Amino acid sequence: MTETPPPPSDTPEGAGSTPPPPPNPYASQPPPPADPYAGNPPTAGQSPYGAAPTGSNPYGADPYPVAPMGPPPVAGAQPAGVLPRFLARLIDGIIFGVVSFALGAALGTVVGGLLGGIAYLGYYIYLESNRGQTLGKQIMGLKVHGASGGNPTTDEAMRRNIWYVVGIASVIPVIGVLLSLASLVIAIAIAVTISQDPLKRGWHDKFANTSVTKG
């Protein structure tokens, strides 16, 4: 017996056949990206892009560098204000005023003034770096501290007192008046910056990374 072929699907006899499914419009699309949290969700505060290196800023270099904070605080000591520091320098000035007068009388005003000023600067550098205080500071109970917390180094003591070179040069004729005014302006700037700073550090202290305490 000859088998009768099935009727075509477009004939009424084939109307009950299931049509083929429509093509998938997303068949050619790439698969979605993998979930970065799959299997290992980040903890609170953790970035899904990985941890930044320790001590680094994930947004680049800091636009405002942090300035050194100076020597560590000394137990039982308080930052020295303007008045005791002024009195200590006044005492030292009176002591060296006698020396400068003697040198001026022996060598002349200009030479004696220059030598006396250089000796005055050396006096501050030597005593502050070796004892942390001049005679005036010792009388007033003040002490200078370097960046390490102990006595300033010779370099630190020199940097915090280098402004006095302007005062030394004020004995030079002709320009002496201008240098004397400049020295006065510097001294006023030191007093103002001491009074405005929470740690009572003048601009010369910040330049040398030193501090002065009382106690």
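Scoring rules and cut-offs
Residues numbered from 1 in each chain as written. Predicted model: local features only at pLDDT ≥ 70, side-chain atom pairs only at ≥ 80, totals over all residues. Heavy atoms only, no water. Phe/Tyr/Trp six-rings, centres within 6.5 Å; stacked < 30°, edge-to-face > 60°. Helix = DSSP H or I, 4+ residues; strand = E, 2+ residues; numbered from the N terminus. Buried < 20%, exposed > 50% of the residue type's maximum accessible area, 1.4 Å probe, protein only. Polar contact = N/O pair within 3.5 Å; in protein donor to acceptor, adjacent residues only side chain to side chain. Contact = heavy atoms within 4.5 Å. Expected span 1.5 Å × (residues − 1). Pairing = 2+ DSSP bridges. pLDDT = per-residue confidence, 0-100. Salt bridge = Lys/Arg side-chain N within 4 Å of Asp/Glu carboxyl O.

1. Comments concerning the packing of aromatic side chains
Stage number 1. Per the stated rule, a full pass over the model turns up 7 aromatic pairs.
Stage number 2. Ring centres of F96 and Y120 lie 5.3 Å apart, and the angle between their planes is 55 degrees; this geometry places the pair in the tilted category. With F96 in helix 1 (residues 82-107) and Y120 in helix 2 (residues 109-130), this residue pair connects regions lying 24 residues apart in the sequence. Neither residue differs from the other here; F96 and Y120 are each classed as buried.
Stage number 3. Aromatic pair Y123 and Y124: ring centres 5.5 Å apart, planes at 90 degrees, arrangement edge-to-face.

2. Focus on the side chain of T213
Stage number 1. Looking at where T213 falls in the secondary structure, it is placed in strand 3 (residues 211-214).
Stage number 2. Separated by 2.7 Å, the side chains of T213 and H145 make a polar contact.
Stage number 3. Once residues within four sequence positions are removed from consideration, T213 is found in contact with A77, Q78, P79, A80, G141, L142, K143 and H145.

3. Quick look at helix 2
Stage number 1. The end-to-end C-alpha separation of helix 2 is 31 Å, in line with the 32 Å expected for 22 residues at 1.5 Å each.
Stage number 2. Of the surrounding secondary structure, the elements contacted by the buried residues of helix 2 are helix 1, helix 3 (135-140), strand 2 (142-145), helix 4 (154-161) and helix 5 (164-169).
Stage number 3. Phi for G132, located one or two positions after helix 2, is positive at around 80 degrees.

4. Things to note about the environment of S129
Stage number 1. Tracing the sequence through the fold places S129 in helix 2.
Stage number 2. You can call S129 buried: its relative accessible area is 16%.
Stage number 3. Along the primary structure S129 and M158 are separated by 29 residues, whereas in three dimensions their C-alpha atoms are 8.8 Å apart.
Stage number 4. Setting aside residues up to four positions removed in sequence, S129 forms contacts with N151, P152, T153, T154 and A157.

5. Notes on the environment of T153
Stage number 1. Mapped onto the elements of the fold, T153 is located in the loop between strand 2 and helix 4.
Stage number 2. Relative accessible area serves as the criterion here: at 42%, T153 is assigned to the partly exposed category.

6. Topic: the sheet that holds strand 3
Stage number 1. The sheet built from 3 strands is open, its strands ordered 1-3-2 with antiparallel pairing. In this open sheet, the two strands that pair with only one neighbour each are strand 1 (78-79) and strand 2.
Stage number 2. As defined by bridge partners, strand 2 adjoins strand 3 across 4 bridges and the pair is classed as antiparallel. Bridge pairing links V144 to V212 in strand 3.

7. As for the pairing of strand 3
Stage number 1. Pairing of strand 1 with strand 3 involves 2 bridges; the strand directions are antiparallel. Within strand 3, the position partnered with Q78 by the bridge is K214.

8. A word on the confidence of the model for the chain
Stage number 1. Confidence along the chain averages 78 in pLDDT terms, with 65% of residues attaining 70 or more.
Stage number 2. pLDDT under 50 marks residues 11-15. Its contacts with residues more than four places away, or in other chains, come to 5 contacts.
Stage number 3. Confidence over residues 52-68 falls short of pLDDT 50; this stretch has 4 contacts with residues more than four positions distant or in other chains.

9. A closer look at the pattern of salt bridges
Two side chains with opposite charge may pair up if their charged atoms get near one another.
Stage number 1. Per the counting criterion, the structure on display carries 6 salt bridges.
Stage number 2. For the salt bridge of R160 with E128, the shortest nitrogen-to-oxygen distance reads 3.0 Å. Here R160, found in helix 4, pairs with E128, found in helix 2; they are 32 residues apart in sequence, far enough to count as distant. Each member of the pair, R160 as well as E128, carries the same accessibility label: buried.
Stage number 3. Two residues, D197 and K206, come together in a salt bridge whose shortest N-O distance is 3.2 Å.
Stage number 4. Overall, the relative accessible area of 45% leaves K206 in the partly exposed class.

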